[in-house]
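Structural overview for review
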Amino acid sequence: MNRRTVVLASAVVVVSAELIGIGQPWQTAAVFAFVALVPGLALLRTLEGTDRLTRVVVTVAASLALAAALSETFAIVHHWTAIAVMVTLAAISVLACVRLGAGR
Amino acid sequence: MAELSASVVICCYTALRWERLSAAVASVRRQTVSPAEILVVVDHCPALHQRAREELPGARVLANEGPAGLSGARNTGVAASRGEVVAFLDDDAVAARDWLQRLLAEYADPTVLGAGGDVEADWADGRPAWFPREFDWVVGCSHLGLPDTAAVVRNFVGANMSFRRSSLTALGGFRADLGRVGTRPVGCEETELCIRLSARHPEGVLRYQPAAAVRHHVPAERRTWSYFRSRCYAEGLSKARVAGIAGTRPALAAERQYVRRVLPRGMAQAATVGIVRRDVGGLLRASALAAGLATTCVGYAVGRLRPGGHSVAANRVLVARIGPLCLAVLLWAASLRAVQLPGMTDVGLVSVLPVTYWVALALIVVSTAVLVHAHASERLLSAYLAGLILVLHATPTILYGGSVRYSWAWKHVGIVDYITRHGAVDPNIGVLSAYHAWPGFFALNALIVKAAGLSSALSYAAWAPPVFALLALGPLRLLFGTLAADRRQVWLALTIYYLANWVGQEYFSPQAFGFLLYLVVLALCLGQLPARRQEPLPLLRRPFGGSLPARPACTPASRRTLLAVVVLLMLAVVSSHQLTPFMLLSALTALVIGRHTGPAWLPAVLAVLTVAWIWLMAMAFLRQNLYWIVDSIGHPAANTQTTFVDLNHASRGQQAVDYADRALTGGMVLLGAAGWLRAGRTGSPRRVTALLALSPLPLLVVNNYSGEMLFRVFLFASPFLALLAAGLVYPRPAGRKWTVVLPVLLVVALTGPFCLAYYGKERMNYFTPDEVVASRWLYGHAPAGSLVVGGTANFPWGFRHYEAYRYRFLEDLAPDQKKALPRTPVAVLDRAIGRQRPAFVVLTRSQDVSARYSGVLPAGALGALAAALPDAADFHRVYRNADATIYELEGP
């Protein structure tokens, strides 16, 4: 499965899970995995040539930082809802993936 | 339908089993249906080949034309055979008279690709009492997991099986890289062939007909426990190999059923027989079942970890290396059951952890140092460090159940709670406004809590320490790998870091998040973003330059992405924590001045982001706190003052803890300095590491951070001090075996003080279930607008609807009032409360401990208050349990 499919599928799954609820512990696991991995996965295509550990570290750190920055932005402008942040996060991930041409 | 013609193939490799081979051939000759031919294939044994040709008339004797081993011999037999069906019989098995007839009968069904039968064990000296029938596959026989009647199976037992020759030929025969060679007890070549055959012909089936029986001789030497163990281990290795070739699902489908159904039933039966009938054999069989399963699993794990490593000797080495870790984790897990938290003394958890815990910790620490010295693989060392992190940081988490360690963590949970309820932050809120001004970490957790459908961050906050410690491993490895050329120095430094960083800032906090991102930014800048200008530095900048191993350049596209990531991480750092941006600014500035990273505008961007953030979000906080911020500028001596243990009033236990804190901090500085000196002699890279170790120091001049600045400076310096300290041992030429003592001594010397320093204040940091229940009662019953009063702030507070309450802590009173507290406690309390109603006074065990440890209140002050309040007018006790009491003040 290529990375673009993973990002797209994860975005769809996690937003659907947020909307309809998939029960515990699956929902918690899906949210943790999405927030900590998926936005960073979209960047990896442009990091070819770097070593594996660097890619893993960048994936996790960039994902968490983006999620934190987005979530606080919504909170600062007093429009924070989890679904709004998740949809935006998913949209940015998918957009970055498509724009950066994430492949295998 | 006319019966098919059959070729019977018997493979042999040693003349020592001549009698068995003769009996096998004779049993085939006596079949009710005669085979078209009997092929005896000799596996690279000329003497046996010669004798077989002379003494086995009627059999075609062939030499194995392929590689040595059972697979090569079987393929030789298949290639030479002429029958439509090829049946295989082991050279030490004897077929029943109707064996071939029953096998061939199965082929009446055209979908049958192959047929196999029962293999009964024929024990030379009888079955040992301990040997379970469920494990008869160990001696190449049918086990209890196979069906009793004719049925479709995934694979056959190799000693008794047959296939259509056309299918076998089209398939390419058995894989020569699998299967037994001589006495090497590995196999599964028939399993892999059966899986491949079924995959090639999805419409076909493999039929097991128990009535087509053979008796398989089991020699006396296979009755031993060592054979059982080595065969189980080899089976695990073989299964891993098959799983690697055919995929995990087909390779383990039958085994899953066997493990879930057959083995538990067998264990239960054997144990029942052992206990009810007092049959030692039953107990031994139950033990053998458990041990056999465990050994096979270990073999499988080793096989999966080392897909190319098929050598038993090599895998033994690997087991010897993994073994201490597995044993340590098991011991650790078992040790936690024995802990009695109420027995904690003033040395904290150290006083209640059992011997098994210390053995487990010692095993991991010493093994890690030995493996580092022995150039073990990165994967293995990562596993050991993960184990070390688990033992050090998950211990309080597991022992405390749902109770989150540290009172500060409860407040942090409260900010997350605020965001989830209000969908906003409010930097002008007053109480805990700093968290609203730097909300990145809290907003991230609010997102997780709400999106995951959790009620509160308390659901997972207790796991933050092991998770943050594990997450730091990646960036630290990258950072150290860039700063040092010697791989052993890198891994020893990682071990030292986890044994020296005692300040406990990896809990559920913005500092933990900020520190993690700080490490990632430095790792990316140093490792991936070298400065483009390489010409010599001007004189004034020379102390900052030089001494870094060469780094590979990344592509322009990668560089652009990494720069964007670094700026994003900076933004997250700036918006999450007050102190970390300044630490990062100091480090980045030093790196840019020395041209270790670029572009040169990185520190400027960070500075602009920091100032802009404070300007936009934190001005209210700054105005409220300006007086002490300005006051502490330029007073480095005062800023090093800490708020921790008051040695004048401390018990002997707490004095020991405090000495451990100081020894570890001072010791790391000394070790770092010594490592720096040695690196100068060995010519190892040292300057950039030293720069980064010193980079937090300027912050001491600027602020005292509520008495914690010294600890934070140590936190940010500790990775680099650890790398310099590891430089005391490595690099080191190979050859002298005794030198393994050096890394072992170093890490063992750190372990004791670390445990005292890290676990030593747990009477204060741990909140008992009673204390947590009392706090929950408070927030469930106190009306909004109430004043909550505590002796100290060291209890679970602020975690729920925190903004609806006002807070006052007696530790914050003016010195003269605190002094009066033991003599006139109720009067002081009355003055502190003033006219605010309703007011709830919370007194807990942990407040008492924290007041005693820190000396923030006079000795006996809280005891006097607890004694006086029951008789005080207007104060009514509204809640009480063993560890907490809550009073309500009524009236005007």
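Just so it is clear, the model here is predicted, and its values are computed rather than measured. (Residues numbered from 1 in each chain as written. Chains lettered and ligands numbered in written order. Predicted model: local features only at pLDDT ≥ 70, side-chain atom pairs only at ≥ 80, totals over all residues. Heavy atoms only, no water.)

1. Side note on the overall build of chain B
Inclusion rule: Put simply, DSSP marks the helices as runs of H or I at least four residues long and the strands as runs of E at least two long, and each gets a number from the N terminus on. Under the scheme applied here, a residue whose accessible area is under 20% of the maximum for its type counts as buried, over 50% as exposed, and between as partly exposed, the area being computed with a 1.4 Å probe on protein chains only. The contact definition used throughout considers only heavy atoms, calling two residues in contact when any of these lie within 4.5 Å. Surface exposure here means Shrake-Rupley accessible area, sampled with a 1.4 Å probe, where a residue is shielded only by the protein chains that are shown.
Secondary structure summary: chain B contains 34 helices and 14 strands in total. Counting only C-alpha atoms and orienting by the principal axes, one finds that chain B spans roughly 110 × 75 × 50 Å. Looking at chain B as a whole, 58% of its 892 residues qualify as buried. Within chain B, counting contacts between residues at least 6 apart in sequence, those at least 24 apart form 77% of the total. For chain B, the computed accessible surface area is about 35400 Å², with 60% contributed by carbon and sulfur atoms.

2. Section: the overall build of chain A
The cut-off we apply is this: We compute the radius of gyration over the C-alpha atoms and compare it with the globule rule, which gives 2.2 Å times the number of residues raised to the power 0.38.
Assigned secondary structure in chain A consists of 4 helices and 0 strands. Rg of the C-alpha trace for chain A: 14 Å, near the compact-globule value of 13 Å for 104 residues, within the 12% margin. By principal-axis analysis of the C-alpha atoms, chain A measures approximately 40 × 30 × 25 Å. Put simply, of all contacts in chain A between residues at least 6 apart along the chain, 67% involve residues at least 24 apart. Carbon and sulfur atoms make up 69% of the accessible area of chain A, which amounts to about 4700 Å² in all.

3. Observations concerning the nonpolar core
This is how the line gets drawn: For our purposes a nonpolar core is just a set of buried Ala, Val, Leu, Ile, Met, Phe, Trp, Tyr and Cys residues, chained together by side-chain atoms within 4.5 Å.
Core analysis: the largest hydrophobic core is formed by 221 residues, its most contacted members being Val35 of chain A together with Ile496, Phe508, Tyr518 and Leu522 of chain B. Among all residues touching Leu522 of chain B, those that are not within four sequence positions of it are Leu479, Gly527, Leu584, Ala587, Leu588, Leu591, Leu692 and Phe720 of chain B. By size, the runner-up hydrophobic cluster in this structure holds 79 residues, among which are Val8, Ala80, Trp123 and Leu263 of chain B.

4. Some thoughts on the side chain of Asn155 of chain B
All names here are of chain B. Operational definition: Polar contacts, as counted here, are pairs of nitrogen or oxygen atoms within 3.5 Å of one another; within protein the pair requires one atom able to donate a hydrogen and one able to accept it, and residues that are adjacent in sequence qualify only if both atoms are side-chain atoms.
Inspection of the secondary structure puts Asn155 in the loop between β7 (151–152) and β8 (160–164). A distance of 3.4 Å separates a polar atom in the side chain of Asn155 from a polar atom in the side chain of Thr191. Ignoring any residue separated from it by four or fewer positions in sequence, one finds Asn155 in contact with Glu190, Thr191 and Cys194.

5. Looking at the packing of aromatic side chains
All names here are of chain B. Our working definition: Stacked, tilted and edge-to-face are the three classes assigned to paired rings of Phe, Tyr and Trp, where Trp is represented by its six-membered ring and a pair needs centres within 6.5 Å; plane angles under 30 degrees give stacked, over 60 edge-to-face, the rest tilted. In our convention, an over-ring charge means Lys NZ or Arg CZ found within 6 Å of a ring centre and within 35 degrees of that ring's normal.
If you walk through the whole model with that rule in mind, you get 41 aromatic pairs over all chains. For the ring pair Phe135 and Trp137, a centre distance of 5.1 Å and an interplane angle of 35° mean the geometry is tilted. With a relative accessible area of 1%, Phe135 lands in the buried category. Judged by centre distance (5.9 Å) and plane angle (15°), the rings of Phe515 and Tyr518 are stacked. On the criterion of helical spacing, the pair formed by Phe515 and Tyr518 is a turn pair, its members being 3 residues apart in helix α18 (residues 510–528). Residue Phe515 is classed as buried on the basis of its relative accessible area of 7%. The class for Tyr518 is buried, based on a relative accessible area of 0%. Sitting over the face of the ring of Phe88, Arg74 holds its NZ or CZ atom 5.7 Å from the ring centroid. For the cation-ring pair, Arg686 lies above Trp676, with the distance from its terminal atom to the ring centre recorded as 3.9 Å.

6. Here we look at the confidence of the model for chain A
Low-pLDDT stretches of the model should not have their predicted coordinates read in fine detail. Counted only if it meets this: What pLDDT expresses is the predictor's confidence in each residue, scored from 0 to 100.
The predicted model of chain A has a mean per-residue pLDDT of 85, with 90% of residues at 70 or higher. Mean pLDDT across the elements of chain A ranges from a minimum in helix α1 (residues 3–20) of chain A, with 71, to a maximum in helix α3 (residues 52–76) of chain A, with 96.

7. Topic: a nonpolar patch on the surface
How we decide: Residues enter a patch when their relative accessible area is above 30% and they make no salt bridge; the linking distance is 9 Å between like charges and 5 Å between nonpolar side chains (Val, Leu, Ile, Met, Phe, Trp, Tyr). By definition, a salt bridge exists where a carboxyl oxygen of Asp or Glu is found within 4 Å of a side-chain nitrogen of Lys or Arg.
Together, Ile275, Val276 and Leu283 of chain B line one region of the surface with nonpolar side chains, adding up to about 310 Å² of accessible area. Along the chain, Leu283 of chain B falls in helix α9 (residues 280–305).

8. Quick word on the environment of His422 of chain B
Mapped onto the elements, His422 of chain B comes out in helix α13 (residues 407–422). At 2.9 Å, the side chain of His422 of chain B forms a polar contact with the side chain of Glu803 of chain B.

9. Here's the deal with the confidence of the model for chain B
Averaged over chain B, the pLDDT score is 90; the fraction of residues at 70 or greater is 95%. Predicted complex, confidence summary: ipTM 0.94, pTM 0.73.

10. Some points on the pairing of strand β9 (residues 205–218) of chain B
All names here are of chain B. To be explicit about the condition: Any two strands with at least two DSSP-identified bridges between them are counted as paired.
The sheet contact formed by strand β5 (residues 93–95) and β9 spans 3 bridges and is antiparallel. Bridged to Val94 within β9 is Arg215. Two strands pair when backbone bridges link them, and strand β6 (residues 112–123) and β9 are joined in this way by 10 bridges, in the parallel orientation. Note on β9: the bridge partner recorded for Gly117 is Gln209. Note that β7 and β9 share 2 bridges and pair antiparallel. Looking across to β9, one finds that Ala151 is bridged to Tyr208.

11. Let's talk about helix α2 (residues 26–41) of chain A
The α-helix advances 3.6 residues per turn, and as a result positions three or four apart in sequence lie on the same side. Residue and element names in this part refer to chain A. Applicable threshold: For a helix, the expected span equals 1.5 Å multiplied by the number of residues minus one. Consider a residue and the seven residues that end there alongside the seven that start there; fitting an axis to each set, the bend is the angle between those axes.
In this model, α2 (16 residues) spans 21 Å end to end at C-alpha, consistent with the 22 Å of a helix rising 1.5 Å per residue. Of all the bends in α2, the greatest, near 40°, is centred on Phe34. All of the buried residues in α2 are Gln27, Thr28, Val31, Phe34, Val35, Val38, Pro39, Gly40 and Leu41.

12. Focus on the sheet that holds strand β10 (residues 787–790) of chain B
Residues and elements named next belong to chain B. For clarity, the cut-off: Angular values range over 0 to 180 degrees, each being the angle between N-to-C directions of two axes fitted as lines to C-alpha atoms, with helices fitted over their stretch in contact.
Reading across the sheet, the 5 strands line up as β11-β10-β12-β14-β13 and stay open at both edges, with mixed pairing between neighbours. Across the chains shown, the open sheet's two edge strands, defined by having one partner strand only, are β11 (806–809) and β13 (875–880). Mean inter-strand twist for the sheet, computed between neighbouring axes without regard to direction, equals 25°. The sheet strands contacting helix α33 (residues 845–854) are β10 and β12 (839–844), and the helix crosses β12 at an angle near 70°.

13. Re unusual backbone geometry
Residue and element names in this part refer to chain B. Pro731 follows Tyr730 through a cis peptide bond whose omega is 0°. The step from Arg837 to Pro838 runs through a cis peptide bond, and the omega angle for that step is -10°. Looking at where Pro838 falls in the secondary structure, it is placed in the loop between α32 (825–833) and β12. Here His44, not a glycine, exhibits a phi torsion of approximately 50°, which is positive. Classification of His44 as partly exposed rests on a relative accessible area of 48%. Its identity is not glycine, yet His801 carries a phi of approximately 45°, on the positive side. By the element assignment, His801 lies in the loop between β10 and β11.

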